Every structure is written in structure tokens, then in C-alpha cells.
Amino acid sequence: MTRIFSGIQPSGKPTIGNYIGAMKQWVELQEDSPDSQLIFSIVNLHAITVRQDPDQLQERTFDMIAWLLALGIDPDQGNAKIMVQSTVPAHSELAWILDNYTTIGELNRMTQFKDKTAGQKPEGLLVGLYNYPVLMAADILLYNTDIVPVGDDQIQHIELTRDIASRFNNLYKEVFVIPKGQIVQTGSRIMNLQDPSKKMSKSSDNHLSYILLEDPPEQVNKKIKKAVTDQYNQVVYHPATQPAISNLINIYRGFNGDLSIEAIQKRYSGLGYGQFKQDLAELVADTLADLQTRYRSFREDQAMLGRVVAEGKEHCQQLADQKLDQVKQLIGLI
Ligand code: TYM
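Worth saying up front: this structure is predicted, and the values here are computed from it rather than measured.

Enquirer: Outline the overall build of the chain, listing residues and values.
Expert: Assigned secondary structure in the chain consists of 13 helices and five strands. For a compact globule of 334 residues, the expected C-alpha radius of gyration is about 20 Å, and the chain comes in at 21 Å, within 12% of that figure. Taken along its principal axes, the extent of the C-alpha atoms in the chain is 70 × 45 × 40 Å. In the chain, buried positions account for 51% of the 334 residues. In the chain, 75% of the contacts between residues at least 6 apart in sequence involve partners at least 24 apart. Summing over all exposed atoms, the chain offers an accessible surface of approximately 15900 Å²; the carbon and sulfur share of this is 48%. Side-chain charges of the chain comprise 33 positive and 40 negative groups, with the mean position of each set lying 4 Å from the other.

Enquirer: Could you give an account of the pattern of salt bridges, with specific residues and numbers?
Expert: Between side chains of opposite charge, pairing is possible as soon as their charged atoms come close. A complete count under the given rule lists 11 salt bridges for this structure. A salt bridge links Arg299 to Glu59, with the shortest nitrogen-to-oxygen separation between them at 2.9 Å. Of the two residues, Arg299 sits in helix α12 (residues 272-300) while Glu59 sits in helix α3 (residues 54-71), which places them 240 residues apart along the sequence. With relative accessibility at 14%, the residue Arg299 sits in the buried group. Residue Arg189 is joined to Asp152 by a salt bridge in which the shortest nitrogen-to-oxygen separation is 2.6 Å. Here Arg189 is found in the loop between β5 (180-182) and α9 (217-226), whereas its partner Asp152 is found in the loop between β4 (147-149) and α8 (155-171), with 37 residues between them in sequence. Its relative accessible area of 27% is what places Asp152 among the partly exposed residues. Several salt bridges share partner residues, and in doing so they unite Glu59, Asp63 and Arg299 into one network.

Enquirer: Now, about the site of the ligand: what can you tell me, with residues and values included?
Expert: Taken together, 27 residues lie near the ligand, and Gln9, Tyr132, Asp139, Asp153 and Ile190 sit nearest. Here a nitrogen atom of the ligand and a side-chain polar atom of Asp139 are 2.7 Å apart. A distance of 2.9 Å separates an oxygen atom of the ligand from a polar backbone atom of Gly151. Considered on its own, the ligand offers 710 Å² of accessible surface; in the complex 97% of this is hidden by protein. Elements with a contribution of two residues or more to the shell around the ligand: β1 (3-8), α1 (16-32) and α7 (127-141).

Enquirer: An account of the domain arrangement of the chain is requested, with residue identities and associated values reported.
Expert: When the domains of the chain are assigned, the result is domain 1 (3-189 + 302-331) and domain 2 (207-297). If you average the C-alpha positions of domain 1 and of domain 2, the two centres end up 29 Å apart. Domain 1 puts 17 residues into the contact, and the matching count from domain 2 is 18 residues. Together domain 1 and domain 2 conceal approximately 1700 Å² of surface at their shared face, both sides included; 68% is due to carbon and sulfur atoms. Looking at the side of domain 1 facing domain 2, the largest losses of area belong to Ile16, Trp67 and Thr186, adding up to 39% of the total buried there. Ionic pairing is found between Glu214 and Lys13, a salt bridge with its closest N-O pair at 3.0 Å. Seen at the junction of domain 1 and domain 2, the total is eight residue pairs in polar contact (both at pLDDT 80 or more). Counting only elements with at least two residues in the side of domain 1 that touches domain 2, the list comes to α1 and α3. Element by element, the count of residues in the side of domain 1 that touches domain 2 is highest for α3, at six residues.

Enquirer: Describe the environment of Gly181, listing the residues and the values that go with them.
Expert: Tracing the sequence through the fold places Gly181 in strand β5. Look at Gly181 and you get partly exposed, because its relative accessible area is 35%. In the structure, Gly181 is positioned 31 residues away from Val150 in sequence and 6.8 Å away in space, judged by C-alpha atoms. Among all residues touching Gly181, those that are not within four sequence positions of it are Val148, Ile155 and Ile158.

Enquirer: Help me get a handle on α8, residues and values and all.
Expert: Between its terminal C-alpha atoms α8 stretches 25 Å, which fits the 24 Å expected from 17 residues at 1.5 Å a residue. Of all the residues in α8, the buried ones are His157, Ile158, Leu160, Thr161, Ile164, Ala165, Phe168 and Asn169. Down the axis of α8, the smallest arc covering the buried residues is 170°, so these residues share one side.

Enquirer: Give me unusual backbone geometry: which residues, what numbers.
Expert: In this model, Asn144 sits at a positive phi of 50°, which is unusual for a non-glycine residue. The topology assignment puts Asn144 in the loop between α7 and β4. Taking the relative accessible area as the measure of exposure, Asn144 reaches 29% and is therefore partly exposed. Phi is positive for Asn233, which is not a glycine, with a value near 55°.

What counts, and at which threshold
Residues numbered from 1 in each chain as written. Predicted model: local features only at pLDDT ≥ 70, side-chain atom pairs only at ≥ 80, totals over all residues. Heavy atoms only, no water. Helix = DSSP H or I, 4+ residues; strand = E, 2+ residues; numbered from the N terminus. Rg over C-alpha atoms; globule rule 2.2 N^0.38 Å. Buried < 20%, exposed > 50% of the residue type's maximum accessible area, 1.4 Å probe, protein only. Contact = heavy atoms within 4.5 Å. Areas by Shrake-Rupley, 256 points an atom, 1.4 Å probe, with all protein chains shown as cover. Lys, Arg positive; Asp, Glu negative; His and termini not counted. Charge placed at Lys NZ, Arg CZ, Asp CG, Glu CD. Salt bridge = Lys/Arg side-chain N within 4 Å of Asp/Glu carboxyl O. Near = heavy atom within 4 Å. Polar contact = N/O pair within 3.5 Å; in protein donor to acceptor, adjacent residues only side chain to side chain. Domains from an automatic or database assignment. Buried area = accessible area lost by both parts, 1.4 Å probe. Expected span 1.5 Å × (residues − 1). Arc of directions from axis to C-beta.

Have a look at this one:
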């Protein structure tokens, strides 16, 4: 049996980058691998590495669960569970243990930390933000995870997880499964619509740079119309020389997986950016409108959301505690 684990922070509203790079994969994996066990975590302990408004953090945790349900993750069907990270204390406890098997040199190499803290004085940076990849390693290793479906920006953290796990296994015995990261073929890094050299991110200050899953059709239209393009006015996929249009093609594919890149290029050959953008906006807006309807009905049902949290906790606590006990025993903790 294959175990699949992944997570998303409730620190903002989900974007189409989260959707194409990660969440869509999760639903496909749930459907395509009925023999696998899948766990999707709302990683609220990761979210507090940046200061959060407490009420908003709680609301966004439930929002994120409702989005996963709207996308088609179905905890009632059996093989997939949704869990909230803070409800299972073993995540924090294993993270502390793993801190003692991780070096400062390793954490210093994490590009996401470097990007997030660029230009700031080290003295004022929070330890939690620095330490964040170790908590992620704990999340993954607690569940004997084989596969971690993520966007490209998380691959380095998964490499670190593999190193920490191997180090621990070599020192004691094979207690941790060595996980593999898995990214989608195209769209594993959806870029900022205003600057295709940067990743699309829900924490960006420029709202034109990202599309949220909750954006209404007018916003989707506006953001796609205003998205920067390259200078050639040709719908050609070449990320190195035409990054802006290539990013829009990745978004198109993310919303219509039936069309290959070649088929998209062929369809728009000689039509220029205008027609392509118009069709893309319609495709994205229509898909999101359907999702939003489903989202709203799940979001209104607070009792059901509470039940998802409780069941996820019960399922995961058992598995996680077992692994934590093994680890504690191995290193002499009573
Ligand atoms: P987070 O919340 O930043 O993002 C959730 C998932 O969305 C992917 N993603 C993207 N994919 C493509 N293009 C983009 N522009 C884009 N932006 C985000 C991310 O790669 C991710 O897969 N540290 C993680 C959460 C986490 C986790 C884990 C993941 C905590 N523990 C254990 C896997 C396993 C994070 O901050 O993701």
C-alpha cells in the first residue's frame, strides 16, 4: 500500500497556483489510486511562522477544508483523510526531535527561507520560519509516506526530509520510510501574472499578480487581460524565451488537461494573444464558478466541517503516535 501525504498552509486564500501545482494532483491521486492511503493536512502550525490574526487563521483553516471538499477530496469514501496539523501534537513533538538531527548548514541552504527573508537583518527573523522545513519533515515522516505531491517550490524541503530520515535510520534503525516528491509535468510552478520571473503567491501585495479560487468571473477576466505577455504575439510554449505566454499556456493546461501543449499551440496558431486570453479567461472563470458553488455549500455546513476535523484527528493521531513512540524508544526517551 502506498502512502501519500501533502499539506497546504491556511495563511491566505488558495490561488490557481496551489490548485494546478498541488490540489488538483491530490484529487487525481485519490481517484487513480484507490489502494493508496492519502492524508492532506491543513498546516496551521506552519502558518504561524508569519504573524496571523487569530480569528482569521481559524476561519481560513475551515475555508481550506471546504476548498478541498469542493475540489473532490472525499474523506467519507475511505482512502483519503483531511487533518488539521495542530490537532495532532506528534507533529510538533517529532519536529523538536528532528531538530537534533538537522544542521544549521542544511537550513541555511533552503532557498525558500532565503527568498522570504531577503534584505532583512538575521537578528530579527523568527526561529519558527527558519525551522519550518523540519516541521514539514516531521509531517511527512510520521505517516510512513512514500509520495509527497507538491509544487516545485517544495522539492528542496522534501530532499532535506530524505536526508534527515536517512541520517536517523543510519544512526538507529530503519524507522522512517524515505519519501519521494512528486510534481506535475507542466504547471508545477505557476508564475506571477505581472512578473513571470516570480512564483504566483497568495502573499503577494499586487492582487493582479494572482488569481484566487474565489475570484468572480469579472476579476478572472480582468487579471488575465492585464497579465503581461511577451513581445511576439504568438501562442508559443518556450519558457526560457517566452516565459509569460508559456505560463498562461500552463494555466490553460491546468484547467483543460485534455489538450496537450502542442494542441494548444496549434489551436491558436496565427490568432495572437487576444483570442487566447479571452478563451483562457472563460475557461478559468467557468471552472472556478462551478467550484465556488460547491465550496459555498460545504463552507456553510460548520457541523460537517467539524466532523471532518475530528475524524481526521482520530485517524492521524493513532498513526502518528505509533511512529513517535518508536522514535522515542530508539533514542532513549521514556
Ligand atoms: P503552500 O501552502 O505554500 O502551498 C501548498 C501547495 O501549493 C503549491 N504551490 C504552487 N504550485 C505551483 N505553482 C505555484 N505558484 C504554487 N504556489 C504554491 C506548493 O508547492 C504546495 O505543494 N510547506 C508547504 C506545506 C507543507 C507540506 C508539508 C507539504 C507543510 N508540511 C508536508 C507537503 C508535505 C507550503 O508552505 O505549501
